[in-house]
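# Chains, contacts and geometry: an overview
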Amino acid sequence: MAFNSRPQRESNQMVFGIRAVVEAIRSGKEIEALFIQRGISGGLIQELKELMNEYQITAQQVPVEKLNRITQKNHQGVIAVISPIVYQKIENIIPEVFEKGETPLILVLDSITDVRNMGAIARTAECAGVHAIVIPAKGSAQINPDAIKTSAGALYKIPVCRHDNFMQTVRFLQESGLQLVCCTEKTQDNIYKPDYTVPTAIIMGSEEDGIRNEIIRISDHLAKIPMFGEIESLNVSVSTGIILYEAIRQRTA
């Protein structure tokens, strides 16, 4: 893929202490997770919160006991985990794909929380030539060393786009000319019906909750994987591989 110029860090880096976290954010580090002690206050905390608002970073308010379990060092009530990858913006990728004369194939993951599923999906997506993976900022698996390892390094190669306003991002894809194909059991149509040779965003949901209803309502196609056995569902990473390679079959036929 030509879109990736990210540095390769081997593992998540932990930063603790209010000033250290403030400087990490200011230096442009990608914050994978941010934990702030519940009820903490002060001038530096206010400065941190202003930066969080500026950089659209969300934090988990946690009891001090949880912070102490993460590290025994002087964390001052704040711990940040820096991502091993650099997230990109789908708004920048879609125009580049069109400019290269290629037909976009985007994978949207709605609240996939298992890191190994995330890694396995990324590995399949990279092999299939998917242009980018889109995930929500909240309720998605961390891109951590386990995810990187399971992906066989694919998470270093395929652009991952993490967005706070997930619905707005999905609508952007549709407004950019991509059809939305939701892989869901809530339909009679199977995955072989849509035409994937046109610009497409394939949407996969979590095994627990599926795809959120707001996305299903605006989608162009609902498509399910035919099932003939007694088990009611497939692992989400397996399901992703099946529908992606139907898209590749059509595009290479």
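Keep in mind that this is a model prediction, so the values were computed, not measured.

Cut-offs and rules
- By convention here, each chain's residues receive numbers from 1 onward along its written sequence.
- The predicted origin of the model limits local features to residues at a pLDDT of at least 70 and limits the giving and counting of side-chain atom pairs to 80 or more, whereas totals for whole chains, interfaces and linings rest on all residues.
- In computing side-chain values, all of the structure's heavy atoms are included and hydrogens and water are not.
- UniProt positions are given in the numbering used here, feature names are shortened, and annotations may be inferred rather than shown by experiment.
- Helix numbers and strand numbers start at the N terminus; a helix is a DSSP run of H or I with at least 4 residues, a strand a run of E with at least 2.
- For helices, the axis comes from a line fit to the C-alpha atoms of the stretch in contact; other axes are also lines fit to C-alpha atoms, and the angle between any two N-to-C directions lies between 0 and 180 degrees.
- Small angles under 35 degrees read as roughly parallel and large ones over 145 as roughly antiparallel, with 65 to 115 read as roughly perpendicular and the rest as oblique.
- By the definition used in this description, the sense in which the near helix is turned from the far one sets the handedness, with an anticlockwise turn below a right angle giving left-handed and a clockwise turn giving right-handed.
- Contacts are residue-level and defined by heavy atoms, with any inter-residue pair within 4.5 Å sufficient.
- Classes in brief: Ala, Val, Leu, Ile, Met, Phe, Trp, Tyr, Cys and Pro nonpolar; Asp, Glu, Lys and Arg charged; the others, Gly included, polar.
- Strands pair, by our definition, only if DSSP identifies at least two bridges between them.

## Here's the deal with the UniProt feature "domain: RNA 2-O ribose methyltransferase substrate binding" (unreviewed entry) in the protein
Per the UniProt record, the feature "domain: RNA 2-O ribose methyltransferase substrate binding" (unreviewed entry) sits at residues 14-88. Between the end C-alpha atoms of residues 14-88 there is a gap of 21 Å, over a span that is 39% helix and 24% strand.

## What about the packing of helix α1 (residues 18-26) against helix α2 (residues 43-55)?
For any two helices packed against each other, the geometry comes down to the angle between their axes and how far apart the axes lie. Running from N to C, α1 and α2 cross one another at 25°; their axes reach a closest spacing of 10 Å. In terms of their interaxial angle, α1 and α2 are classed as roughly parallel. Handedness of the crossing formed by α1 with α2: left-handed. Taken together, the residues of α2 that come into contact with α1 (itself represented by Ile18, Arg19, Val21, Val22, Ile25 and Arg26) are Leu44, Ile45, Glu47, Leu48, Leu51 and Tyr55. Grouping the amino acids of the contact of α1 with α2 by side-chain chemistry returns nine nonpolar, no polar and three charged.

## A look at the sheet that holds strand β5 (residues 105-110)
With parallel pairing, six strands are arranged side by side in an open sheet as β7-β6-β5-β9-β8-β10. Of all strands in the sheet, those with a lone pairing partner are β7 (160-163) and β10 (221-223), marking the two edges. The average undirected angle you get between the axes of adjacent strands in this sheet is 25°. With three bridges joining them, strand β8 (residues 179-183) and β10 adopt parallel strand pairing. Counterpart to valine 181 in the pairing with β10 is histidine 221. With respect to the sheet, helix α5 (residues 115-127) is in contact with β5 and β6 (132-136), its orientation differing from that of β5 by roughly 170°. Strands in contact with helix α9 (residues 236-252) are β5, β8 and β9 (200-205); relative to β9, the strand with the most contacts, it is inclined by about 165°.

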